[in-house]
Amino acid sequence: MPKLQGFEFWSQTLGGARHVVAPMVDQSELAWRLLSRRHGAQLCYTPMLHAQVFVRDANYRKENLYCAVCPEDRPLIVQFCANDPEVFVQAALLAQDYCDAIDLNLGCPQMIAKRGHYGAFLQEEWDLLQRMILLAHEKLSVPVTCKIRVFPEIKKTVQYAQMLEKAGCQLLTVHGRTKEQKGPLSGAASWEHIKAVRKAVTIPVFANGNIQCLQDVERCIQDTGVQGVMSAEGNLHNPALFEGRSPAVWELAEEYLDIVRQHPCPLSYVRAHLFKLWHHTLRLQVHQQLREDLAKVKTLEGIAAVSRELKLRCEEDMSRQKEGEKPSGSLPFFHWICQPYIRPGPKEGNKESGGARSKRALEEEEGSTEVLSKNKQKKQLRNPRKTFGPSQKPKYAKCDQCGNPKGSRCVFDLCRSCCKKRAFRETADCPGHGLLFKTKLEKSLAWKAAQAQAGSRDPGSFPEVLGSARA
């Protein structure tokens, strides 16, 4: 049977899917995909897989795809990150019998993608991308698709999409943010970019970005003309998003846990999903202890027990609810209802100081308070006797030259780096830092003197040896 392409592929193989669950690292695993399909999702992607690891590691293939095969989990697209045409195709050939298409990740904006040279950090390398897509299109028995981020300029984004289509891409997902738009600097996705791409290509297009409820899905399709809409963050906080429902959190949490019992996955995935589902409830100070319990628990049944306790607490809140009472804060619903999470942006003061600042600047600003970061809070739970608060850190005497902590036994009262430079310059020793430039020089001079003295005592030994070697 010939390989279907473009709109035939979308309408026949993918069943004309309009509601799509995004590829999410450690989050779009089989159990979550099945939950999402039960509640309106028509197409799912696997988490992003590393093509090189997939090729060389049989256990990686087994854990991430081969053992996650389920008849109800179709249509399914497997996503890879890669930067080498041959490796990408080798991985795709190993996966093509377990899915309906292979997707190339060209949208990941995270630092790990920059270090690994994949995702959105390939978007300027059009020759490489053409070779990757063309080779995959020629070699695979299933279509190849791409997920991209936009450029700031609409014209360049359109040219980028047309280049991928020409190389053999059969379906394009466009995330309407640039690779710089992430974390607290995410901002709104540009549907104008997506609309321009849709008009310029002759293959199906999915839109990604700004999707928090079913009304957003319908409005996006109407405004941009895309064939389908992909959701990531919105789906994690409300898997029933595509049904147009906002059920009680425990309803979906219990259903998900039941699926996990049938299709096990790493406990870290389950924990992360429960934190997302219960996000608005766990933010309340009165439930701080349960938040800590959920972070520390070591078993699936332990996680289920924490979820049951949260349900009981919420039912108590419901019983105390007065008629006509409205949710507190800016939430559209009460905290026990599945609802969107709006990621907070940079503080308003940033606008006055000349636009957005870097992530590092924001972290430094947040770190200046006494509140521990989420990462340090997790470390504190694992090591309760260790101090992580900035005010409780031990104070170190600073190096006079660079400000780093100085060595407590340094003869120059400097840090190791500055001490090394000075000891080398002055041919001195610093036992505290293990630097022995003076001692080594003295030993070297003594050895040379001994060699010279030994040579003067036996002047004929060298010619004699040389003569015997010539003979």
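The rules behind each value
- Residues numbered from 1 in each chain as written.
- Predicted model: local features only at pLDDT ≥ 70, side-chain atom pairs only at ≥ 80, totals over all residues.
- Heavy atoms only, no water.
- UniProt positions renumbered as here; feature names shortened; annotations may be inferred.
- Helix = DSSP H or I, 4+ residues; strand = E, 2+ residues; numbered from the N terminus.
- Buried < 20%, exposed > 50% of the residue type's maximum accessible area, 1.4 Å probe, protein only.
- Contact = heavy atoms within 4.5 Å.
- Areas by Shrake-Rupley, 256 points an atom, 1.4 Å probe, with all protein chains shown as cover.
- Axes fitted to C-alpha atoms, helices over the stretch in contact; angles between N-to-C directions.
- Parallel < 35°, antiparallel > 145°, perpendicular 65-115°, else oblique.
- Left-handed = near helix turned anticlockwise from the far one by under 90°.
- Nonpolar A, V, L, I, M, F, W, Y, C, P; charged D, E, K, R; others polar.
- Salt bridge = Lys/Arg side-chain N within 4 Å of Asp/Glu carboxyl O.
- Pairing = 2+ DSSP bridges.
- Right-handed = clockwise from strand over helix to strand, strands pointing away.
- Patch = residues over 30% accessible without salt bridge, like charges linked within 9 Å, V, L, I, M, F, W, Y side chains within 5 Å.
- Lys, Arg positive; Asp, Glu negative; His and termini not counted.
- Charge placed at Lys NZ, Arg CZ, Asp CG, Glu CD.
- Phe/Tyr/Trp six-rings, centres within 6.5 Å; stacked < 30°, edge-to-face > 60°.
- Core = buried A, V, L, I, M, F, W, Y, C linked by side-chain atoms within 4.5 Å.

In the nomenclature of an unreviewed UniProt entry, the protein chain corresponds to tRNA-dihydrouridine(16/17) synthase [NAD(P)(+)] from the organism Erinaceus europaeus. The UniProt entry for the protein chain carries the following text under Sequence similarities (unreviewed entry): "Belongs to the Dus family. Dus1 subfamily." Here is the UniProt Cofactor (unreviewed entry) comment for the protein chain, exactly as written: "FMN".

Enquirer: Any chance you could explain the overall build of the protein chain here in plain terms?
Expert: Across its full length, the protein chain carries 22 helices and 11 strands. Counting only residues that meet the buried cut, the protein chain has 45% of its 471 residues in that class. Excluding contacts between residues fewer than 6 apart, the proportion of contacts in the protein chain whose partners are at least 24 apart in sequence is 63%. A total accessible area of about 25,300 Å² is found for the protein chain, and carbon and sulfur atoms account for 51% of it.

Enquirer: Mind showing me how you'd approach the packing of helix α2 (residues 30-38) against helix α12 (residues 249-262) here?
Expert: Relative placement of two packed helices is described by the angle separating their axes and the distance separating the axes. Where α2 meets α12, the axes come as close as 9 Å, and the angle between the chain directions of the two elements is 130 degrees. Taken together, the axes of α2 and α12 lie oblique to each other. Read as a crossing pair, α2 and α12 show a hand that is right-handed. Residues Ala31, Trp32, Leu34, Leu35 and Arg38 of α2 pack against Leu252, Glu255, Tyr256, Ile259 and Val260 of α12. The residue inventory of the contact of α2 with α12, partitioned by class, reads 8 nonpolar, no polar and 2 charged.

Enquirer: I would appreciate a short explanation of the pattern of salt bridges in the present structure.
Expert: Charged atoms that come close allow side chains of opposite charge to pair. Evaluated as defined, the whole model comprises 17 salt bridges. Where glutamate 301 meets arginine 261, a salt bridge forms, and the shortest distance between an N and an O atom there is 3.1 Å. Of this pair, glutamate 301 sits in helix α16 (residues 300-319) while arginine 261 sits in helix α12; the two residues are 40 residues apart in sequence, bridging distant segments of the chain. A relative accessible area of 36% means that arginine 261 is categorised as partly exposed. When the shortest N-O distance is used, the salt bridge between glutamate 426 and arginine 422 registers 3.1 Å. Placement of both glutamate 426 and arginine 422 in helix α20 (residues 416-426) is noted, with a separation of 4 residues, approximately one turn of the helix. Through salt bridges with shared partners, a single network forms among Arg33, Arg37 and Asp73.

Enquirer: I would appreciate a short explanation of the pairing of strand β8 (residues 205-208) in the present structure.
Expert: Looking down a regular strand, the side chains alternate between one sheet face and the other. Residues Val205 and Ala207 point to one face of β8 and Phe206 and Asn208 to the other, with burial holding for every one of them. Where strand β7 (residues 172-175) lies against β8, 4 bridges are found, and the strand directions are parallel. When the sheet's bridge partners are listed, threonine 173 is paired in β8 with phenylalanine 206. Since β7 and β8 lie parallel, the crossover through helix α9 (residues 191-200) that links them has a hand, and here it is right-handed. Judged from the 3 bridges that link them, β8 and strand β9 (residues 228-231) form a sheet pairing that is parallel. Bridged to alanine 207 within β9 is valine 229. The parallel pair β8 and β9, bridged by helix α10 (residues 214-224), forms a crossover whose chirality is right-handed.

Enquirer: What's the story with a positive patch on the surface in this structure? I'm lost.
Expert: There is a patch of like positive charges on the surface, built from Lys298, Lys376, Lys378, Lys379, Arg382 and Lys386. Inspection of the secondary structure assignment puts arginine 382 in helix α19 (residues 374-382). Here arginine 382 falls in the exposed class, since its relative accessible area comes to 56%.

Enquirer: Looking at this structure, I do not really get the packing of aromatic side chains. What am I missing?
Expert: Remark: the centre distance and the inter-plane angle together describe each pair of aromatic rings, the angle taken between the planes. In this structure the tally under the stated criterion is 10 aromatic pairs. Ring geometry for phenylalanine 54 and tyrosine 60: centres 6.3 Å apart, planes at 80 degrees, overall edge-to-face. Judged by its relative accessible area of 0%, phenylalanine 54 falls in the buried class. Between phenylalanine 54 and tyrosine 66, the ring centres sit 6.2 Å apart and the planes meet at 80 degrees, which makes this aromatic pair edge-to-face. Linking phenylalanine 54 in helix α3 (residues 51-56) with tyrosine 66 in the loop between α4 (58-64) and β4 (76-81), this pair joins segments that are 12 residues apart in sequence. Given the relative accessible area of 25%, tyrosine 66 is considered partly exposed. Each residue in the set Phe54, Tyr60, Tyr66, Phe80 and Tyr98 is aromatic and connected to the rest through ring pairs, giving one cluster.

Enquirer: Please explain the environment of alanine 295 as it appears in this structure.
Expert: Among the secondary structure elements, alanine 295 is positioned in helix α15 (residues 288-296). Separated by 24 residues in the primary sequence, alanine 295 and arginine 271 have C-alpha atoms spaced 7.4 Å apart. Setting aside anything within four residues of it in sequence, one finds alanine 295 in contact with Arg271, Phe275 and Leu381.

Enquirer: For this particular structure, what's the right way to read the packing of helix α13 (residues 267-277) against α16?
Expert: Direction vectors running N to C along α13 and α16 enclose 10 degrees, while the axes themselves pass 10 Å from each other. It follows that α13 is roughly parallel to α16 by the angle criterion. Each of Leu267, Val270, Arg271 and Leu274 in α13 lies in contact with α16, whose residues at this interface are Leu300, Ile303 and Ser307.

Enquirer: Before we go on, may I ask you to explain the nonpolar core in this structure?
Expert: For soluble globular proteins, the rule of thumb is that nonpolar side chains tend to be buried together. Of all hydrophobic cores here, the largest spans 114 residues; its most connected members are Phe80, Ile102, Leu164 and Leu172. A per-element tally of this core places α12 first, with 8 residues. Among all residues touching leucine 164, those that are not within four sequence positions of it are Leu106, Leu129, Ile133, Cys146, Ile148, Cys169 and Leu172. If you look at the next biggest cluster of nonpolar residues, it comprises 11 residues, including Cys410, Leu414, Cys418 and Leu435.

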